[in-house]
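Below are the chains, spelled out letter by letter.
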Amino acid sequence: MSTAMNFSSKSFRPRAPDKGSFPLDHFGECKAFKEKFMKCLKGNSYDNSMCRLQSKDYLECRMDNQLMAKEPLEKLGFKDLMDKPSQENKEAKP
Amino acid sequence: MLLPILVRESLCCSKNSVLLTSSNIQTCIRGLQGKGARGLHSYAQGFLCRRVPSRLNPQIRGAKSRKSQTKQQEDEWRKRNKTVLTYIAAAGVGMIGMSYAAVPLYRLYCQASGLGGAAVAGHDAEQVETMKPVKDRIIKITFNADTHASMQWNFRPQQSEIYVVPGETALAFYRAKNPTDKPVIGISTYNVVPFEAGQYFNKIQCFCFEEQRLNPKEEVDMPVFFYIDPEFDEDPRMARVDTITLSYTFFEAKEGQKLHLPGYSPISLHS
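So, here's what we can say about the structure. These figures come from a predicted structure and were not determined experimentally.

Next up on the list: the environment of arginine 156 of chain B. Residue and element names in this part refer to chain B. Along the chain, arginine 156 falls in strand E2 (residues 154-157). Note on arginine 156: relative accessible area 38%, which makes it partly exposed. Here the alpha-carbon distance between arginine 156 and lysine 177, two residues 21 residues apart in the chain, equals 9.1 Å. If near-sequence neighbours (up to four positions away) are discounted, arginine 156 is found in contact with Ala145, Tyr174, Arg175 and Glu219.

Here's what the structure looks like:
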């Protein structure tokens, strides 16, 4: 797993994911959303901050198709996307 | 005539017996012998010789009392040594017992305080909601995909890299294809490089540590939903870290086998 050479510093420990494992999307129900997300990433030189809306859509698709446990989007870190877009712009400017 | 002489000699001998040395005893006896009296003489000689040793006891008694004193001291030392040895042995046994007890005690302590890498679930769930993205620290996440030698899936990431900031949730995709004619069950584990950054890499949901079954000729997208802890920006050791590599490895799983989850207690994966 991790090299035994560094005793003092913390060695790597794989942790289980917080919400468990994604069930596989065997039927490709959310493939369209995924394609949109990938296109957005490629267009924005793989900057995640620009494509958060698409990732939110993908996760919503998963939740609708029983491929993910339903959760309020704030818990998934999309709180800023739930507010008005103008507020989001204000937050972007430090 | 002889009798008073004998008695006188014996009296003389008995008077001086306290200061008599062995040589004097012998001369006394010889003197008695010199008188030539038999029977009575021999009886008196026997009587005297028997009595004399008892008169010399004070000297020997003195030596014996010195010896008994040292014996007492020796006994004391021996007793003290025994108690000290018992204490040391008890301490040794206590240390061994403590080292055995330390394992469950440390486990309890880690669960209570959240140290040792085992994330306390409640703490993390709240954090995702309230964390603020650190917009000025951009980190590049590169993706790597591996399969075990005997695993025949085609497994690769769908993006080679992605730029995120700490405190912001991100989504990434891997693709896996089963080119064989039989359903194959795979199970995966992950690795984060650099190792110290691994503690800040939190996965909300992914496809690892559980069996994933792919039918023949099937291809699926596997997402990973993660975020970098905002405290990453405040850690001085992470000041120079700009690239984090996430690496997944797929192994083939036998039917019904469950990969033992890292960590101390069994965590149920299904939310």
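This part takes up the state of the cysteines. All names here are of chain A. Following the criterion strictly, the structure yields 3 disulfides over all chains and no others. Sulfur-sulfur distance for the disulfide between cysteine 40 and cysteine 51 comes to 2.0 Å. Between cysteine 40 and cysteine 51, the S-S torsion sits near -95°, and that sign places the bridge as left-handed. Of this pair, cysteine 40 sits in helix H1 (residues 31-43) while cysteine 51 sits in the loop between H1 and helix H2 (52-64), and the two are 11 residues apart along the sequence. Considered together, cysteine 40 and cysteine 51 belong to a single accessibility category, that of buried residues.

All names here are of chain B. Strands sit in the order E3-E1-E9-E5-E7 across an open sheet of 5 strands; the sheet is mixed. With partners counted over all chains shown, the strands left at the sheet margins are strand E3 (161-164) and strand E7 (212-214), one partner each. Ignoring strand direction, the axes of neighbouring strands in this sheet form an average angle of 30°.

Our next topic: the interface of chain B and chain A. Counting residues at the interface gives 52 residues for chain B and 44 residues for chain A. Taken together, the connections running from chain B to chain A amount to 1 salt bridge. Ionic pairing is found between aspartate 221 of chain B and lysine 34 of chain A, a salt bridge with its closest N-O pair at 3.2 Å. If you look at where chain B meets chain A, you find 14 residue pairs in polar contact (both at pLDDT 80 or more). In terms of residues, the side of chain B that touches chain A owes the most to one element, strand E8 (residues 219-228) of chain B, which gives 6 residues. Along the lines of polarity and charge, the residues of the side of chain B that touches chain A split into 28 nonpolar, 12 polar and 12 charged.

Grouped together as the largest cluster of nonpolar side chains are 62 residues, with contacts concentrated most on Tyr174, Met222 and Tyr248 of chain B. Here the element with the most residues in this core is E8 of chain B; it accounts for 7 residues. The contact partners of methionine 222 of chain B, leaving out residues within four places of it in the chain, are Leu24 of chain A together with Trp153, Phe155, Ala172, Phe173, Tyr174, Ala176, Phe207, Gln212 and Phe250 of chain B.

Conventions we followed
Every residue gets a number counted from 1 within its own chain, in the order that chain's sequence is written. By the order in which they are written, chains take letters starting at A while ligands take numbers starting at 1. Owing to the predicted nature of the model, reporting of local features is limited to residues with pLDDT of at least 70; listing and counting of side-chain atom pairs is limited to 80 or more, with chain, interface and lining totals taken over all residues. Note that the side-chain values use all heavy atoms of the structure and ignore hydrogens as well as water. In this description a helix means any DSSP run of H or I spanning at least four residues, a strand means any run of E spanning at least two, and both kinds are numbered starting from the N terminus. In this scheme, a residue with accessible area under 20% of its type's maximum is buried, one over 50% is exposed, and one in between is partly exposed, where area comes from a 1.4 Å probe on protein chains only. Residue contacts are defined here by distance: any two heavy atoms, one from each residue, within 4.5 Å place the two residues in contact. Cysteine sulfur atoms that pair up within 2.5 Å are treated as a disulfide. DSSP calls a pair of strands paired once it identifies at least 2 bridges connecting them. Axis definition: a line fitted to C-alpha atoms, over the contacting stretch in the case of helices. Angles run 0 to 180 degrees between N-to-C directions. Throughout this description, the term salt bridge denotes a Lys or Arg side-chain nitrogen within 4 Å of a carboxyl oxygen of Asp or Glu. In protein, a polar contact requires one atom able to donate a hydrogen and another able to accept it; more generally it is a pair of N or O atoms within 3.5 Å, and residues adjacent in sequence count only if both atoms are side-chain atoms. Only Asp, Glu, Lys and Arg are considered charged in this grouping, and only Ala, Val, Leu, Ile, Met, Phe, Trp, Tyr, Cys and Pro are considered nonpolar; every other residue, Gly among them, is considered polar. In this text, buried Ala, Val, Leu, Ile, Met, Phe, Trp, Tyr and Cys residues form a nonpolar core when linked through side-chain atoms within 4.5 Å.

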